[in-house]
Amino acid sequence: MSWREYRRAAAGQVPVFPIAGAYESGVVPIRFSGWPLSQQGPAYPALDQDIEADVVVVGAGLVGASLALHLAEGGVRVVVLEADQPGSGASGRNAGHVQPYLGSVEPLRAHADQGKRFTEYFIQHRDIVFDLCQKHGLQADAVKSGMVDAAYRKHAALENKVSQWKAFGYDVDIVGAARLKELLGTDAYGYGIHWREGGRVNPYLFTNGMIGAAVRLGARVHGNTCVVGCERIGSHWRVRSATGSVRAQQVVICTNGHAGNAFFPELARTQFPLVACGMATRPLPQSVLDIVNPARVSLMQHPAGLYPLIIDGRNRLITATIPGPGRAQRAETYFAYFLRYLHRTYPRLRGTHIELESYWTGMTANSSSLYEAAYPKLYQVADGVLALMNFGSWGNVMGPMMGANLGQALASDRPQDFLLPLETPQAVHFPGLFETKIRRVLIPAARWADKLNLV
C-alpha cells in the first residue's frame, strides 16, 4: 500500500493511530516503506511456549539478524524475539546506501588501542553486505556500484578524506566536472569523490535474508513477540513475552533506541533520537533513466547531503531527508523539495512526470549529538546481558559488521575479541536538543543554501 492509499483509507475511518503522530514518531507500518516488495518476507510465528536457548537476541533488525546468523554459524542455539517482524523498524526504512568508509576515525581514539582494531576490522570487512549476500544466496538487490560524494566546488575536507582512505588501500579518487558528468549525467557538480567500492542494498530484504539464513542454520525466530520482562533466575535469564518465555544464559538486546520497553529502561536514555523520511518514485521510464545517474552509483551531496540518492533494481529513485518539526507527514512538501533538486540538477527532466510511489518515516538512535561521532555502543547491562545498539544512520554496513563480530566472539567464548568497548548505560544530556538543532536550524539552512547554490 502506498502513502496515498494509506491516507485515503484513513480518511474514511477512524485510524488505529493518529496519522501525523505515526509519521512524526517513525512508527508508520513497514508496508508503507518503499523497500518491501508486493509480497513481504515470511511472517514468523509468535512465541507461545516456554523454551530454552544458549543466547536470546531481542530485535530482528540489521544488527540482530547478523548476530543471529553468526551465532548460528558458530553452532550456538539462538532464539530471536522481534516485537513486529524482521526488518520492520529502522532497518527497513533507511536510504539503501552501502557506505564503505567511516565518517571520522577521531571518536575511535577513545578506545584503549586508539581504535586500531576497529579500523582494521572495518577495512577488512567493508564488503560485508555483498559478501553475505553471495555466501548465503541473499536476494537483496545488493549491487557494488560505487559511490560519489558530489560538490559544487572544491572542498579541502574531500581531499583529506581521499588521502586518508587511499592510505588504507581504497580505490578512490578526486574527480572533476567532466568525470562527474560521465558518472552522474549532470554538469551541476564541479568537484567530488568517486569511491569504486560501496553501492546500494535493499535493507529490508537484506535483513530478512540474514534472518532466513540464520533459520536455515538452526536459529529459531519469533515475530509479533514483544518482550515484557527479563529476569535473572539462578545462573540464567528468563526473557518473557505475554505468551511464552526463553531461558538462556546470555541475552543480547539489539533494539533501535529501546523506546517503550519496560525491561532495562535505562537503555532508552542513552541516545539522541532523530526522525528521517524516505521517498521512492514509481519505476522510471527509460527516457529518465538515460538522463539521471547513468553510472548507477550511490550519490551523496557534500557538504549537506540533503538528498542521498540511488536507483534501485526496480528502476526507482530512492532518497531520504529530514522533515521539519511537526510536519513529518507532509509527503507532498518533501517530494516537491526533491523534485526541485532534480530539476535544477537535471534541467532536461523539467516537464517530465515523475510520481511518488512511497513515503515513510523512521527513527534513528544516535549515540552522540555530533553526527560523525555517533558510533554504535556495546553496553554491559547486567551480568549475562549485553546491548548492541545506537547505530544511528550507519546501519547498513556497521550493523551486520558489529553483529558478526559480537556473534563470532560469543560463539568462541572470546569476549576479548569485542571490537567495541563494554560500557555501562549512561543517560545523555538534553536528548531532544540534537533533533531540534537538526530539524529547526541546520536542515532548513542547508535547504536555502542549496536552493541559492551557496554550498
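This one's a predicted model, so the numbers in the text were calculated from it and none came from an experiment.

**Q** Describe in detail the side chain of Thr 255, supporting the description with residues and values.
**A** Among the secondary structure elements, Thr 255 is positioned in the loop between strand 13 (250-253) and strand 14 (272-281). Owing to a relative accessible area of 15%, Thr 255 belongs among the buried residues under this scheme. Reaching out from Thr 255, the side chain makes a polar contact with the side chain of His 258 at a distance of 2.7 Å. For Thr 255, the contacting residues outside a window of four places in its chain are Val 58, Asn 261 and Met 389.

**Q** Account for the UniProt feature "domain: FAD dependent oxidoreductase" (unreviewed entry) in the chain, with residues named and values stated.
**A** Listed under "domain: FAD dependent oxidoreductase" (unreviewed entry) in the UniProt record, and renumbered for this structure, are residues 54-405. As annotated, residues 54-405 comprises 27% helix and 26% strand, and the C-alpha atoms at either end are separated by 17 Å.

**Q** Provide a residue-level description of the side chain of Asn 293, including the pertinent values.
**A** In this structure, Asn 293 sits in the loop between helix 9 (286-289) and strand 15 (298-301). Among the polar contacts made by the side chain of Asn 293, one reaches the main-chain carbonyl oxygen of Val 297 at a distance of 2.7 Å.

**Q** Can you break down the sheet that holds strand 12 (residues 245-248) residue by residue, with the values?
**A** The strands that make up a sheet are held in pairs by hydrogen bonds between backbone atoms, and each pair lies either parallel or antiparallel. Read across the sheet, four strands follow the order 1-12-11-10 without closing on themselves; strand pairing throughout is mixed. Each having just a single partner strand, strand 1 (50-52) and strand 10 (229-233) make up the two edges of the open sheet. Neighbour to neighbour, the strand axes of the sheet diverge by 20 degrees on average, direction disregarded. Bridge count for strand 11 (residues 236-240) against strand 12 is four bridges, and the pairing is antiparallel. What sits directly across from Arg 238, in strand 12, is Arg 247.

**Q** Give me the packing of aromatic side chains: which residues, what numbers.
**A** The description of an aromatic ring pair rests on the distance of the ring centres and on the angle between the ring planes. Summed over all chains, the structure comprises 17 aromatic pairs. Judged by centre distance (5.1 Å) and plane angle (15 degrees), the ring pair of Tyr 152 and Tyr 189 falls under stacked. With Tyr 152 in the loop between strand 5 (147-151) and helix 6 (156-167) and Tyr 189 in the loop between helix 7 (177-184) and strand 7 (191-195), the pair connects residues that are 37 residues apart, well separated along the chain. Taken individually, Tyr 152 and Tyr 189 each receive the classification buried, so the pair is uniform in this respect. What links up through ring pairs into an aromatic cluster is the set Tyr 101, Trp 165, Phe 168, Tyr 170 and Trp 195. Looking at Arg 126, its charged tip hangs above the ring of Tyr 170, at a distance of 4.1 Å from the centre.

**Q** Report on the environment of Arg 238, specifying residues and quantitative values.
**A** Of note, Arg 238 is situated in strand 11. Given the relative accessible area of 31%, Arg 238 is considered partly exposed. In this structure the C-alpha to C-alpha distance between Arg 238 and Val 251, which are 13 residues apart in sequence, comes to 9.1 Å. When sequence neighbours within four positions are dropped, the list of residues in contact with Arg 238 reads Gly 229, Cys 230, Glu 231, Ile 233, Ser 245 and Val 246.

**Q** With reference to specific residues and values, describe the nonpolar core.
**A** Counting residues in each nonpolar core, the largest one holds 67 residues, and the members touching the most others are Leu 102, Phe 118, Trp 165, Phe 206, Leu 388, Met 398 and Met 402. It is helix 3 (residues 62-73) that provides the largest number of residues to this core, a total of eight residues. Beyond its immediate chain neighbours, meaning those up to four positions away, Leu 102 contacts Leu 108, Phe 118, Phe 122, Trp 165, Tyr 375 and Met 398. Counting 48 residues, the second largest nonpolar core, distinct from the first, contains Leu 274, Leu 309, Ile 354 and Val 428.

**Q** Summarise the pattern of salt bridges; cite the residues concerned and give the values.
**A** Counting across every chain of the model gives 23 salt bridges. The shortest N-O distance in the salt bridge between Arg 314 and Glu 357 comes to 3.7 Å. Residue Arg 314 is found in the loop between strand 16 (309-311) and strand 17 (317-321), and its partner Glu 357 is found in strand 18 (residues 356-366); the two are separated by 43 residues along the sequence. Assessed through its relative accessible area of 34%, Arg 314 is described here as partly exposed. Note that Arg 439 and Glu 435 form a salt bridge whose closest N and O atoms lie 3.2 Å from each other. Taken as a pair, Arg 439 and Glu 435 lie in helix 12 (residues 431-451) at a separation of four residues, close to a single helical turn. Here Arg 439 and Glu 435 have matching classes, each one buried. One salt-bridge network, in which partners are shared between bridges, spans Lys 166, Asp 171, Asp 173 and Arg 196.

**Q** Lay out the sheet that holds strand 2 (residues 55-58) with the relevant residues and their values.
**A** Taking strand neighbours across the sheet as the criterion, the seven strands line up as 9-3-2-13-20-19-21 in an open arrangement whose pairing is mixed. Looking at the sheet topology across the chains shown, the edges are occupied by strand 9 (220-222) and strand 21 (422-423). Note: strand 19 (residues 377-382) against strand 20 (residues 385-389), five bridges, orientation antiparallel. Bridging from a neighbouring strand, Leu 378 pairs with Leu 388 of strand 20.

**Q** Pulling in residues and values, what's your account of unusual backbone geometry?
**A** Residue Pro 303 is bonded to the preceding His 302 through a cis peptide linkage, with omega at 10 degrees. With respect to the helices and strands, the residue Pro 303 is situated in the loop between strand 15 and strand 16. For Gln 114, which is not glycine, the phi dihedral falls at a positive 65 degrees. Structurally, Gln 114 can be placed in the loop between strand 4 (97-98) and helix 4 (116-124). Residue classification places Gln 114 among the partly exposed residues on the basis of a relative accessible area of 46%. Of note, the phi angle at Phe 264 is positive, near 50 degrees, even though the residue is not glycine. The topology assignment puts Phe 264 in the loop between strand 13 and strand 14. For Phe 264, a relative accessible area of 15% corresponds to the buried category.

Calculation criteria
- Residues numbered from 1 in each chain as written.
- Predicted model: local features only at pLDDT ≥ 70, side-chain atom pairs only at ≥ 80, totals over all residues.
- Heavy atoms only, no water.
- Helix = DSSP H or I, 4+ residues; strand = E, 2+ residues; numbered from the N terminus.
- Buried < 20%, exposed > 50% of the residue type's maximum accessible area, 1.4 Å probe, protein only.
- Polar contact = N/O pair within 3.5 Å; in protein donor to acceptor, adjacent residues only side chain to side chain.
- Contact = heavy atoms within 4.5 Å.
- UniProt positions renumbered as here; feature names shortened; annotations may be inferred.
- Pairing = 2+ DSSP bridges.
- Axes fitted to C-alpha atoms, helices over the stretch in contact; angles between N-to-C directions.
- Phe/Tyr/Trp six-rings, centres within 6.5 Å; stacked < 30°, edge-to-face > 60°.
- Lys NZ or Arg CZ within 6 Å of the ring centre and 35° of its normal.
- Core = buried A, V, L, I, M, F, W, Y, C linked by side-chain atoms within 4.5 Å.
- Salt bridge = Lys/Arg side-chain N within 4 Å of Asp/Glu carboxyl O.

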